[in-house]
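Residue-level listing of the chains:
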Amino acid sequence: MPNQIEILKLRILICFLEMSQESCTVTNLSKTLVEEKYAVSRAMMALEKEGLLDRSEVRHPALTPAGSDAAKKYAERMDIAMNHL
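Read on for an overview of the structure.

Thresholds, definitions, all that
- Residues numbered from 1 in each chain as written.
- Predicted model: local features only at pLDDT ≥ 70, side-chain atom pairs only at ≥ 80, totals over all residues.
- Heavy atoms only, no water.
- Helix = DSSP H or I, 4+ residues; strand = E, 2+ residues; numbered from the N terminus.
- Contact = heavy atoms within 4.5 Å.
- Lys, Arg positive; Asp, Glu negative; His and termini not counted.
- Charge placed at Lys NZ, Arg CZ, Asp CG, Glu CD.
- Core = buried A, V, L, I, M, F, W, Y, C linked by side-chain atoms within 4.5 Å.
- Buried < 20%, exposed > 50% of the residue type's maximum accessible area, 1.4 Å probe, protein only.
- Axes fitted to C-alpha atoms, helices over the stretch in contact; angles between N-to-C directions.
- Parallel < 35°, antiparallel > 145°, perpendicular 65-115°, else oblique.
- Nonpolar A, V, L, I, M, F, W, Y, C, P; charged D, E, K, R; others polar.

## Remarks on the overall build of the protein
Line of reasoning, step 1. Tallying secondary structure elements over the protein gives four helices and two strands in all.
Line of reasoning, step 2. Across the protein, helices and strands are ordered from the amino to the carboxyl terminus as α-α-α-β-β-α.
Line of reasoning, step 3. Oriented by its inertia axes, the alpha-carbon framework of the protein measures out at about 40 × 25 × 25 Å.
Line of reasoning, step 4. Residue pairs at least 24 apart in sequence account for 49% of intrachain contacts in the protein once pairs closer than 6 positions are excluded.
Line of reasoning, step 5. Side chains of the protein give 11 positive and 12 negative charges; the mean places of these two sets differ by 5 Å.

What follows is the structure, given as structure tokens:
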């Protein structure tokens, strides 16, 4: 079973798909996901190291093309799982 940071990273990727880029800040994501800011920040740093997130614009990070593909893949899997429930 994946650990908490892996689950949080997936949730952050999906938020980047569904939210505007301006609202995808550590503060807004922590409020949306009901997580501590430090946990969101660490997860975002991990996503950056994996090449899925570009944080060169610190206040408004964005998904890389690989990050966008991964987010779409996980969002599709979530939709499929939700439709089966």
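## What to know about the nonpolar core
Line of reasoning, step 1. Core analysis: the biggest nonpolar cluster contains 17 residues, and Leu8, Ile12, Leu13, Phe16, Leu29, Met44 and Leu47 have the highest contact counts within it.
Line of reasoning, step 2. Secondary structure elements with two or more residues in this core: helix 1 (4–18), helix 2 (26–33), helix 3 (37–49) and helix 4 (65–84).

## Quick word on the packing of helix 1 against helix 3
Line of reasoning, step 1. Taken N-terminus to C-terminus, the directions of helix 1 and helix 3 make an angle of 80°; their axes are 9 Å apart at the nearest point. Classified by the angle between their axes, helix 1 and helix 3 sit roughly perpendicular to one another. Residues Ile5, Leu8, Lys9, Ile12, Leu13 and Phe16 of helix 1 form the contact with helix 3, whose own contacting residues are Ala39, Val40, Arg42, Ala43, Met44, Ala46 and Leu47.
Line of reasoning, step 2. The class makeup of the residues in the contact of helix 1 with helix 3 is 11 nonpolar, no polar and two charged.

Read these as layout, nothing more, since geometry by itself doesn't imply function.
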